[in-house]
Amino acid sequence: MPTATATALPVDAPGLFTEAAGATRCAWCQATPLYRHYHDTEWGFPVADERRLFEKICLEGFQAGLSWLTILNKREAFRSAFANFDAEQMANFDASDVRRLLGDAGIVRHAGKIASAINNARRVLDLRREFGSLAAYVWRLEPDAANRPEYITLDAVRALPHSPASAALSQDLKKRGWTFVGPTTMYAFMQAMGLVNDHLEGCTSRAKALAAREAFTPPV
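Residues numbered from 1 in each chain as written. Predicted model: local features only at pLDDT ≥ 70, side-chain atom pairs only at ≥ 80, totals over all residues. Heavy atoms only, no water.

**Q** Honestly, the packing of aromatic side chains in this entry has me stumped. Any pointers?
**A** The geometry of an aromatic ring pair is captured by two quantities: the separation of the ring centres and the angle between the planes. According to the stated counting rule, one finds twelve aromatic pairs in the structure shown. Between Trp28 and Tyr38, the ring centres sit 6.5 Å apart and the planes meet at 65°, which makes this aromatic pair edge-to-face. Within this pair, whereas Trp28 is found in the loop between strand 2 (24-26) and helix 1 (33-41), its partner Tyr38 is found in helix 1, the two being separated by ten residues in sequence. With relative accessibility at 33%, the residue Trp28 sits in the partly exposed group. Clustering of aromatic rings is evident, with ring pairs tying together Trp28, Tyr35, Tyr38, Trp43 and Trp68. Cation over ring: Lys56 sits above Trp68, and NZ or CZ is 3.2 Å from the ring centre. One residue, Arg100, lies across the ring of Phe93, its end atom 5.4 Å from the ring centre. (Phe/Tyr/Trp six-rings, centres within 6.5 Å; stacked < 30°, edge-to-face > 60°. Helix = DSSP H or I, 4+ residues; strand = E, 2+ residues; numbered from the N terminus. Buried < 20%, exposed > 50% of the residue type's maximum accessible area, 1.4 Å probe, protein only. Lys NZ or Arg CZ within 6 Å of the ring centre and 35° of its normal.)

Structure follows, in structure tokens:
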């Protein structure tokens, strides 16, 4: 299991912002309270739940060309439209479901992305037969700390639009028939699900995410 330590940086370091109440966060979550809550309680914290892992892969695919905040604002609508991202239910979606989804103004109505989500649900079932769970499959590719930047600064994160681990995950998923799973998309997935911790040094959530990872047992 990779280990790391949080390193204090000045609160005015690039990529950080500090609220009047004193909490210092990664600057990308400044826009709304919902975004800050997502940053503080979800992003970078390890996840083994099958539904959440699959949901994130699907939503990262829908995000292509858009902002994550746009998708986050629509997440509840996506959950309602896609059977709460239950892969077994989604694998049975048919042409009538596609028409329903294309008519749903609460989600991103993109035919290719909708088809991809349904296809990927079927591929989840294939992975489960081989590895036991999507979680066990994904967590095999958690990168070792030795292959990560020593300090997670804004420049370090900007230099990592993808990584060898995300490229390996992307390549293997594509071989298995998945779509909308490029290496940059998979790196964003790994960031969000806690396979890497890219909260910047000085962010108050960094140490919390590190502690959560220390207490986490990867599924096998």
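There's more to say after this.
**Q** What exactly am I supposed to notice about unusual backbone geometry here?
**A** Peptide bonds are trans in most cases, and residues, glycine excluded, mostly fall at negative phi. At Ala83, a residue that is not glycine, the phi angle is positive and equals roughly 55°. Following the sequence through the fold, Ala83 ends up in the loop between helix 4 (75-81) and helix 5 (87-90). Since its relative accessible area comes to 19%, Ala83 is described here as buried. Even without a glycine there, the phi angle at Asn84 is positive, about 55°.

**Q** It is not clear to me how the packing of helix 2 (residues 50-63) against helix 7 (residues 111-131) should be interpreted in this structure. Could you clarify?
**A** When two helices pack together, their arrangement is given by the angle between the helix axes and by the axis-to-axis distance. The geometry of helix 2 relative to helix 7 is characterised by a closest axis approach of 10 Å and an angle of 150° between their N-to-C directions. On the basis of the axis angle, helix 2 is roughly antiparallel to helix 7. The handedness of the crossing between helix 2 and helix 7 comes out as right-handed. In this structure, helix 2 contributes Glu50, Phe54, Cys58, Gly61, Phe62 and Gln63 to the contact, and helix 7 contributes Lys113, Ile114, Ala117, Asn120, Ala121, Val124 and Arg128. Taken together, the residues of the contact of helix 2 with helix 7 sort by class into seven nonpolar, three polar and three charged. (Axes fitted to C-alpha atoms, helices over the stretch in contact; angles between N-to-C directions. Parallel < 35°, antiparallel > 145°, perpendicular 65-115°, else oblique. Left-handed = near helix turned anticlockwise from the far one by under 90°. Contact = heavy atoms within 4.5 Å. Nonpolar A, V, L, I, M, F, W, Y, C, P; charged D, E, K, R; others polar.)

**Q** Looking at this model, I keep getting lost on the nonpolar core. Mind explaining?
**A** A general feature of soluble globular proteins is that nonpolar side chains tend to end up buried together. Phe54, Phe78, Phe82, Met90, Leu134, Trp178 and Phe189 are the most contacted members of the largest nonpolar core, which has 54 residues in total. Ignoring sequence-local partners within four residues, the contact set of Phe189 consists of Leu53, Lys56, Ile57, Glu60, Val138 and Leu169. Of all hydrophobic cores here, the second largest spans seven residues; its members include Cys26, Ile152, Leu200 and Cys203. (Core = buried A, V, L, I, M, F, W, Y, C linked by side-chain atoms within 4.5 Å.)

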